[in-house]
Amino acid sequence: MSILAPLFLVALGGLALPLILHLVRRTPKGKQQFSSLMFLSPTPPRLTRRSRLDQVLLLLMRLAALALLAFAFARPFLRENSLLAVTDLQQRRVALLVDTSASMRRGDLWKQAIAAAEKELDGLAPQDEVALYTFADRVQNIVGFPTDGKVVSAPPADVVRQALKQIELTWSAGDMGSAITTLAAELAAANDVAQSQAIPQLVVISDFQRGNRIESLQGFEWPKDVRVVPRQLALKQTSNATLQFLPPEAGTADEEPRVRVSNAADSTADQLFVRWLDPKDPNGTAGEVPVYVPPGQSRVIRLPRQPNNLTADRLILRGDSQEFDNTFYVVPPRQQQIALTYFGDDTADDPAGLQYYLRLATADDPLRQVTFTALKSDASLPSVAPQLVVATSVSSSTQQSLQKYVEQGGVLLFVPKDQAAASPLTNLFSGAELLPANTERKENEFQLLGEINFSDPIFQPFANPRYNDFTRIHFWQHRAVKLPAETNTRVLARFDNGDPWLLETSLGKGRVWAMTSGWQPDDSQLAVSSKFLPLVGSLLDQACGASRALASGVVNAPVALPRDRTAELIVQSPSGEKESIPTAATEFRETNEPGIYQAGAGQQEFRFAVNIAASESDTTPLPVEQLEQLGLKIGQSVTAAERLNRERQRRDTELESRQQFWRWLVVGCLSILILETWWASRASSLGAATASDARLSTEVVA
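The rules behind the values
Residues numbered from 1 in each chain as written. Predicted model: local features only at pLDDT ≥ 70, side-chain atom pairs only at ≥ 80, totals over all residues. Heavy atoms only, no water. Axes fitted to C-alpha atoms, helices over the stretch in contact; angles between N-to-C directions. Helix = DSSP H or I, 4+ residues; strand = E, 2+ residues; numbered from the N terminus. Parallel < 35°, antiparallel > 145°, perpendicular 65-115°, else oblique. Contact = heavy atoms within 4.5 Å. Nonpolar A, V, L, I, M, F, W, Y, C, P; charged D, E, K, R; others polar. Salt bridge = Lys/Arg side-chain N within 4 Å of Asp/Glu carboxyl O. 1 Å grid on protein atoms, 1.4 Å probe; cavity = no way out; pocket = protein on both sides within 12 Å on 5 of 7 lines; lining within 4 Å. Points joined across faces, edges and corners; volume = space filled by probe spheres on them. Expected span 1.5 Å × (residues − 1). Buried < 20%, exposed > 50% of the residue type's maximum accessible area, 1.4 Å probe, protein only. Polar contact = N/O pair within 3.5 Å; in protein donor to acceptor, adjacent residues only side chain to side chain. Patch = residues over 30% accessible without salt bridge, like charges linked within 9 Å, V, L, I, M, F, W, Y side chains within 5 Å. Areas by Shrake-Rupley, 256 points an atom, 1.4 Å probe, with all protein chains shown as cover. Pairing = 2+ DSSP bridges.

Engineer: Please provide a residue-by-residue account of the packing of helix α6 (residues 354–362) against helix α9 (residues 532–544), values included.
Structural biologist: Helix-helix packing is characterised by the crossing angle of the two axes and by the distance between the axes. Relative to each other, α6 and α9 sit at 80°, their axes nearing to 10 Å. The pairing of α6 with α9 is recorded here as roughly perpendicular in orientation. Contacts between α6 and α9 pair Y357, L358, A361 and T362 from the former with F532, L533, V536 and L540 from the latter. Across the contact of α6 with α9, the residue classes break down as seven nonpolar, one polar and no charged.

Engineer: Explain the packing of helix α3 (residues 109–122) against helix α4 (residues 156–164) to me, using residue names and the numbers behind them.
Structural biologist: Contact pair α3 / α4: the axes reach a minimum separation of 10 Å and the direction vectors enclose 175°. Looking at the two axes, α3 sits roughly antiparallel to α4. Contacts between α3 and α4 involve I114, A117, E118, L121 and D122 from the former and A157, V160, R161 and L164 from the latter. Considered class by class, the residues forming the contact of α3 with α4 number six nonpolar, no polar and three charged.

Engineer: Break down the pattern of salt bridges for me, with residues and values.
Structural biologist: A complete count under the given rule lists 17 salt bridges for this structure. Among the ionic pairs, D122 bridges to R161, the shortest N-O distance being 2.9 Å. Taken together, the positions of D122 in helix α3 and R161 in helix α4 put the pair 39 residues apart, joining distant regions of the chain. Put simply, D523 and R479 hold a salt bridge, and the shortest N to O gap is 2.5 Å.

Engineer: Kindly report on empty space enclosed by the protein, identifying the contributing residues and their values.
Structural biologist: The tally for this structure, following the rule as stated, stands at two cavities of 30 Å³ or more. Looking at the largest cavity, its volume works out to about 60 Å³. Considering the residues around the largest cavity, the lining is formed by L340, L358, T362, L388, V390, L413, W519, V536, L539 and L540. Listed by contribution, the elements that provide at least two residues to the lining of the largest cavity are α6, β17 (388–391) and α9. Ranked by residues supplied to the lining of the largest cavity, first place goes to α9 with three residues. Considering only residue class, the lining of the largest cavity consists of nine nonpolar, one polar and no charged. The computed volume of the second largest cavity comes to approximately 50 Å³. Together, V394, Q399, L402, L412, F414, P424 and L428 line the second largest cavity. Every element with two or more residues in the lining of the second largest cavity is listed here: α7 (396–407) and β18 (411–414). Partitioning the lining of the second largest cavity into residue classes produces six nonpolar, one polar and no charged.

Engineer: Describe α9, and please don't skip the residues or the numbers.
Structural biologist: Between its first and last C-alpha atoms α9 spans 18 Å; for 13 residues at 1.5 Å apiece the expected length is 18 Å, and the two agree. Extensive coverage of α9 is indicated by the burial of 11 of its 13 residues. Among the residues of α9, F532, P534, L535, V536, G537, S538, L539, L540, D541, A543 and C544 are the ones counted as buried.

Engineer: Talk me through the side chain of N263; I want residue IDs and the actual numbers.
Structural biologist: You can see N263 is positioned in strand β9 (residues 258–263). The buried category is assigned to N263, whose relative accessible area is 6%. A distance of 3.0 Å separates a polar side-chain atom of N263 from the backbone oxygen of V293. Residues in contact with N263, not counting those within four places in the same chain, are N240, A241, A269, D270, V293, P294, P295, G296 and Q297.

Engineer: Just give me the short version of a nonpolar patch on the surface, but keep the residues and values in it.
Structural biologist: On the surface, a cluster of nonpolar side chains totalling about 280 Å² of accessible area is made up of F8, L69 and F73. Tracing the chain through its elements places L69 in helix α2 (residues 56–74). According to the relative accessible area criterion, L69 is partly exposed, its value standing at 36%.

Engineer: Give a description of the pairing of strand β13 (residues 314–318) that names residues and reports values.
Structural biologist: In this sheet, β13 lies alongside strand β10 (residues 271–276) in antiparallel orientation, the contact comprising four bridges. Across the sheet, F273 pairs through a bridge with R318, a residue of β13. Here three bridges tie β13 to strand β14 (residues 327–329), and the two strands are oriented antiparallel to one another. Counterpart to R314 in the pairing with β14 is Y329.

Engineer: Would you mind going over the sheet that holds strand β11 (residues 289–292) in detail, with residue names and values included?
Structural biologist: Strand order in the open sheet formed by four strands is β11-β10-β13-β14, and the pairing between neighbours is antiparallel. Each edge of the sheet is formed by a strand with only one pairing partner; in this case those strands are β11 and β14. Going across the sheet, the axis of each strand differs from the next one's by a mean of 25°, ignoring polarity. Two elements, β10 and β11, share four bridges in a ladder whose sense is antiparallel. Bridge assignment links F273 to a residue of β11, and that residue is P290.

None of this, on its own, says anything about what the molecule does.
Written out as structure tokens, the structure reads:
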């Protein structure tokens, strides 16, 4: 005999209450004074007999009725002879999905993840199937489900437990939505194909941070039999912030790098510090800039490089409790060595000439060292070809050598100082016609730039509306040029009267730029304008290559490679591993760790930076209820022992519902109550008759 609800048997203890109350000896406590007895001496009453039970049979029937009622509520049943074992439980098909994204590097989250996975393995029954998957930006199958006919050398739980020790965290961003939908579809499809009755279950072990991508869950038709068990990991210290390098604002001579500092919504720290890392003093705080960022917000600050640390390749953040995203890598500006040859008759100290201002514009640049060579207009080109030639006036022989220099891949900037020096324009620009000079120019008459192609790389730094105003620059005179309707010459800027100012054309393998008005004071105010220095820098960038920092990429995102390579490219990762890239490849995809990558192909060398995705720094926990709103069916994961207890309880409930002994107990209780009622009425009648006979006897005696 077994009991389904044994707590109701506690009511049997209440059966002793009537007996206790009946057997307790009670003596009268109240006193009543009678006047007729006031002269008598008091005599205490003598106890002649103790309390004893009357109507024992009636008492027993009432107690039996209460006992049967308590047993009826306890729902007794006869248990079957067969015992329920763990192997009798329904089979489960459990997929463990462990987060290995960069945010799991915080604190002891990874230790928590391993412990949670082992706890799930400990709760498996012998007949359960288990597989191990990891996810970051993509799903990886570490240990798959066993296939039919395959000999298993060890229990699946032991295989998964060994595989857990081999898993390594990645630096990738988390795409939880794609991982969950992929495995849910696989679990449902596997059960349909095998016609299996195993219960599919997906256990997700992750920090569930908001930076995880969950867009794939939208519109996904969730399988009806698959349940997701979330195991959300958390840290005691939740302060986390990150930083991001922003390209400097172009168009000004004093460009300063900008840094965006973002603080997580659940962060407890708001005072942060940012600096460029000094290789000579990695732990120092020189040049550190404080920034106040409230939780859930971001701030943009200017962080100029220190004069003695212009080639720093990373930014450091200090002030939060998590360091996995406190470093942002930036390819430092490379220090260029530029050979510039100037053809002209003006001297370097002549403030009325072009050379004077060109030297000032290219001097004192720590990131660009310009070797300036000044030649007369009739001199010959040096044997070692320079990277850029600036000419104001040239002889016919020099003109031919310059044309050959450009055809072989050189870059020429032609700025004629006057109308007589502008004659080579017709040879350099096919179909161009040099118009006669305007001899009737009035005093204080000037032209303005009215049309500029800001999409061209030369003027692209000025594309911002804050810097694209050239109307303050007056041009006193220029050389008018007329171009044919069909020409390969591009006009990058025009005066407000429609005449070209800056021309560009290709000549062989090289390029030619020409300005119809120079920057000397007799021609314009350009040399004393704030636009002159960035304009010269932009021309040097286009002629010799940019000296600014390259844009950084994201971990596991492809990086575009130069297409004009003539040799195999060797890429070295920050950890020192090298990989050969074929000449035909256009992308490099093995960006699996943050840092500075170095690449080289023959004489071509360049570097690029790779950083953690900004989404991984949004470590605010994602509510599980939000996943349910997207269609996930949340379940519970219980151990084999807990499942066994539940199954036993279910079986006991079924047995009791089939036997229903409680009904017979209730019938017995009612029968006893009917008998008790009859016996009580009979005893009452007998008691009344006995009392009447006693009274009659007393009267007869009297």
